[in-house]
Amino acid sequence: MADPVTASKAKFGEFRAALYNTQATRLGDQLNTLLSSDCSVKLAHPMGKVKGPEALLAAGYAPLLEAIPDLERRDYIVVGAIDRGENWIGCGGYYTGVFERPWLDIPATQHLVTMRYIEFFRLKDDRIVEMLLLWDIPQLMMQAGAWPMAPSLGVEMHVPGPATQDGIVTAPCDETRSAASMQLVRNMVDGLGKFAEGGHEAMQLERFWHPKMNWYGPAGIGSNRRISGFRKWHQVPFLKALPNRSADTSKGGYDCFFADGDYVAFCGWPSMHATVSGDGWMGIAPSDKDIDFCSLDIWRCEDGMLRENWVLIDLLDIYNQLGVDVLARMRDVTAARQP
């Protein structure tokens, strides 16, 4: 008899299949079968929070399918575990297809596009009862030539799946490897919290991160390689702008945090709090405004080090908290291309 997590992964395969060969005429019925009637769903800004399969279809998938009729979901990471007595699955990948009609007023390109996601699902009694779906909307805006904010310091690229090509984990959880992976990430997170004590040196990133690490950030921040690239193109600007950022994972201030073999998955909605008191991050001026971060992470461990890290942050929500309507700015700069 399969363990609960392995059984849930198999059941979750039906959701993956429904969105791989997506059929707009069938998706509503499929979601009704797979989701509980009161399933809690959190989507990236501006879609927000909804409840139940019908609301998810109306707010999320139906408009996206109208824009990308041949929408296809491609997972390159599917991991799962029991976290605090609850059954969680975490996924990383991208949606793809031809962008034929506008979506969120992003002008259509008539070309193939990709939009990254990290998504988390809580299952109970063979139904999905909670969904946390972060789609990289800025990535789609960039492909449409419609990003109205500061350019990324990191590299914008089609983010790959794991170098080891083993991200879709179907085997029963290896408890020993999972425990070692979780401890490595927890030690690294504890190290990040020592910045206030002694700056970058106190974090001791070299103890945790592989010399050839890749950090795949959201569009608007970009991706980096090696600790030097991570520090220069993301960490230093981030810490200068948000020196008081705080996240207490030791007290359970997150939605889920689990390990599955070499992979560790984290979801916080929100996961971090900070005050924008400095300059240098994404071109945002200091305002002394407090913000919350909705962020999702998946790390891959290799030989006792962190080798790859997929990260998404709801950047449109960050700007919205600061009083900046990115989509309104986009409509202004693409006025000649708006219907």
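Refer to the structure above for everything that follows.
A brief look at the structure comes next. Each chain carries its own residue numbering, running from 1 in the written order of its sequence. Per-residue local features of the predicted model are confined to residues with pLDDT of at least 70, and side-chain atom pairs are confined, for both listing and counting, to 80 or more; whole-chain, interface and lining totals are unaffected and use all residues. Remark: hydrogens and water are excluded; side-chain values derive from all non-hydrogen atoms of the structure.

**Re the sheet that holds strand β3 (residues 72-83)**
For step 1, the next point in the chain: Paired strands are those between which DSSP finds at least two bridges. Helix and strand definitions follow DSSP, with helices as H or I runs of at least four residues and strands as E runs of at least two, each counted in order from the N terminus. Spatial ordering of the open sheet is given by β2-β1-β6-β5-β4-β3, a layout of six strands whose pairing is mixed. Two strands bound the open sheet, and with one partner strand each, they are β2 (49-51) and β3. Between one strand axis and the next, the sheet turns through 15° on average, direction left out of account.
For step 2, the next point in the chain: In terms of strand pairing, strand β1 (residues 35-43) meets strand β6 (residues 127-135) through five bridges, oriented parallel. Bridge pairing links Lys42 to Leu132 in β6.
For step 3, the next point in the chain: Any two residues whose heavy atoms approach within 4.5 Å at even a single point are treated as in contact. Throughout, an axis means a line fitted to C-alpha atoms (over the contacting stretch in the case of helices), and angles, computed between N-to-C directions, take values from 0 to 180 degrees. Strand contacts of helix α1 (residues 4-20): β3, β4 (86-98), β5 (112-124) and β6, with the helix running at about 160° to β3, the strand carrying the most contacts.
For step 4, the next point in the chain: Across the sheet, helix α2 (residues 24-34) is in contact with β1 and β6; its angle to β1 comes to roughly 105°.

**Some points on the side chain of Asp297**
For step 1, the next point in the chain: Tracing the chain through its elements places Asp297 in strand β11 (residues 289-302).
For step 2, the next point in the chain: For each residue, the accessible area found with a 1.4 Å probe, counting protein chains only, is set against the maximum for its type, and the residue is called buried under 20%, exposed over 50%, and partly exposed in between. A residue counts as positive if it is Lys or Arg and as negative if it is Asp or Glu; His and the chain ends are not included. A carboxyl oxygen of Asp or Glu within 4 Å of a side-chain nitrogen of Lys or Arg is what we treat as a salt bridge. Here Asp297 occupies a buried position and makes no salt bridge, while the nearest side chain of opposite charge, Arg116, is found at 8.7 Å.
For step 3, the next point in the chain: Among the polar contacts listed, one links the side chain of Asp297 to the side chain of Asn309, at a separation of 3.2 Å.
For step 4, the next point in the chain: Other than its neighbours up to four places away in sequence, Asp297 contacts Phe120, Val264, Ala265, Phe266, Asn309, Trp310 and Val311. Counting of polar contacts relies on pairs of N or O atoms within 3.5 Å, with two restrictions inside protein: one atom must be capable of donating a hydrogen and the other of accepting it, and residues adjacent in sequence are counted only when both atoms are side-chain atoms.

**Things to note about helix α3 (residues 53-67)**
For step 1, the next point in the chain: What a helix is expected to span follows from its residue count: subtract one and scale by 1.5 Å. Given a rise of 1.5 Å per residue, 15 residues ought to cover 21 Å, and the 20 Å separating the end C-alpha atoms of α3 matches this to within 8%.
For step 2, the next point in the chain: Its maximal kink placed at Tyr61, α3 deviates by approximately 40°, while the proline Pro63 follows within four residues.
For step 3, the next point in the chain: Along α3, the residues that are buried comprise Pro53, Leu56, Gly60, Tyr61, Leu64, Leu65 and Ala67. What the bend at a residue measures is the angle between two axes, fitted to the seven residues ending there and to the seven starting there.

**So, the pattern of salt bridges**
For step 1, the next point in the chain: Taken as a whole and assessed by the stated rule, the structure comprises 16 salt bridges.
For step 2, the next point in the chain: Close ionic contact of Asp260 with Lys9 constitutes a salt bridge, the shortest N to O distance being 2.6 Å. With a gap of 251 residues between them, Asp260 in strand β9 (residues 256-260) and Lys9 in helix α1 connect regions that are remote in the sequence. Taken individually, Asp260 and Lys9 each receive the classification buried, so the pair is uniform in this respect.
For step 3, the next point in the chain: Glu206 is the salt-bridge partner of Arg231, the closest N and O atoms lying 3.5 Å from each other.

**Some remarks on the pairing of strand β12 (residues 305-313)**
For step 1, the next point in the chain: A large share of β12 lies buried, amounting to nine of its nine residues.
For step 2, the next point in the chain: Taken together, the four bridges between strand β7 (residues 209-216) and β12 define a ladder with parallel strand orientation. If you follow Tyr216 over to β12, its bridge partner there is Trp310.
For step 3, the next point in the chain: As defined by bridge partners, β11 adjoins β12 across eight bridges and the pair is classed as antiparallel. Each residue of the ladder has a partner; that of Ser295, found in β12, is Ile313.

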